[in-house]
Amino acid sequence: MNKVDLLKNLRNSCRGNLFAIEIPKAAKEDAKRIAELVAELEREGKIKLRECIQREYSVYLHGILKYASE
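Before going into details, it helps to say that this report is about the structure given with it.

The rules behind each value
Residues numbered from 1 in each chain as written. Predicted model: local features only at pLDDT ≥ 70, side-chain atom pairs only at ≥ 80, totals over all residues. Heavy atoms only, no water. Helix = DSSP H or I, 4+ residues; strand = E, 2+ residues; numbered from the N terminus. Rg over C-alpha atoms; globule rule 2.2 N^0.38 Å. Buried < 20%, exposed > 50% of the residue type's maximum accessible area, 1.4 Å probe, protein only. Contact = heavy atoms within 4.5 Å. Areas by Shrake-Rupley, 256 points an atom, 1.4 Å probe, with all protein chains shown as cover. Lys, Arg positive; Asp, Glu negative; His and termini not counted. Charge placed at Lys NZ, Arg CZ, Asp CG, Glu CD. Pairing = 2+ DSSP bridges. Axes fitted to C-alpha atoms, helices over the stretch in contact; angles between N-to-C directions. Core = buried A, V, L, I, M, F, W, Y, C linked by side-chain atoms within 4.5 Å. Salt bridge = Lys/Arg side-chain N within 4 Å of Asp/Glu carboxyl O.

## Overview of the overall build of the protein
What the protein contains, in helices and strands, is two helices and four strands. When the helices and strands of the protein are listed from N to C terminus, the series reads α-β-β-α-β-β. By the compact-globule yardstick of 11 Å for 70 residues, the protein fits well, its C-alpha radius of gyration being 11 Å. Dimensions of the protein along its principal axes, counting C-alpha atoms only, are 30 × 20 × 20 Å. Of all 70 residues assigned to the protein, the portion counted as buried reaches 31%. Restricting to contacts in the protein with at least 6 residues of sequence separation, those with at least 24 account for 58%. Accessible surface computed for the protein: about 4700 Å², of which carbon and sulfur atoms make up 47%. Each charge sign in the protein was given a centre, from 14 positive and 11 negative side chains, and these centres are 5 Å apart.

This is how it looks when you write it as structure tokens:
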């Protein structure tokens, strides 16, 4: 998964400008990579993350899309 794919997934899972998505992970490295991508999107000002919960088999993300143009 890269940053562009993650942003597309967040746009598809949003309601208005709020998003909530659960992303399945195959390994612990996947969770780290997802956290890095989310942090990068936050630094760019595209999203505002409210919570990131790392579960056993997935990562749950909840927040606000700040920039939603196609």
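## Remarks on the sheet that holds strand β3 (residues 47–54)
With antiparallel pairing, four strands are arranged side by side in an open sheet as β1-β2-β4-β3. Edge positions in the open sheet fall to β1 (14–15) and β3, since each of these has one partner strand only. In this fold helix α1 (residues 3–12) packs onto β1, β2 (18–24), β3 and β4 (58–65), with an angle of close to 70 degrees to the strand it touches most, β4. This element, helix α2 (residues 28–43), spans β2, β3 and β4 of the sheet and lies at about 165 degrees to β3.

## Comments concerning the nonpolar core
By size, the foremost hydrophobic cluster in this structure holds 16 residues, and its most contacted members are L6, L10, F19, V38, I47 and L61. For this core, the elements supplying multiple residues, two or more each, are α1, β2, α2, β3 and β4. In terms of residue count, the dominant contributor to this core is α2 (five residues). If we skip the residues at most four places from it in the chain, I47 touches L7, L10, F19, V38, L41, E42, I64, L65 and K66.

## Side note on the pattern of salt bridges
Counted under the stated rule, the structure contains four salt bridges. Among the ionic pairs, E22 bridges to R55, the shortest N-O distance being 3.1 Å. Residue E22 is located in strand β2, and its partner R55 is located in the loop between β3 and β4; the two are separated by 33 residues in the primary sequence. A relative accessible area of 36% places R55 in the partly exposed class. The network of salt bridges with common partners includes K3, E40 and E44.

Honestly, it's all geometry; don't read function into it.
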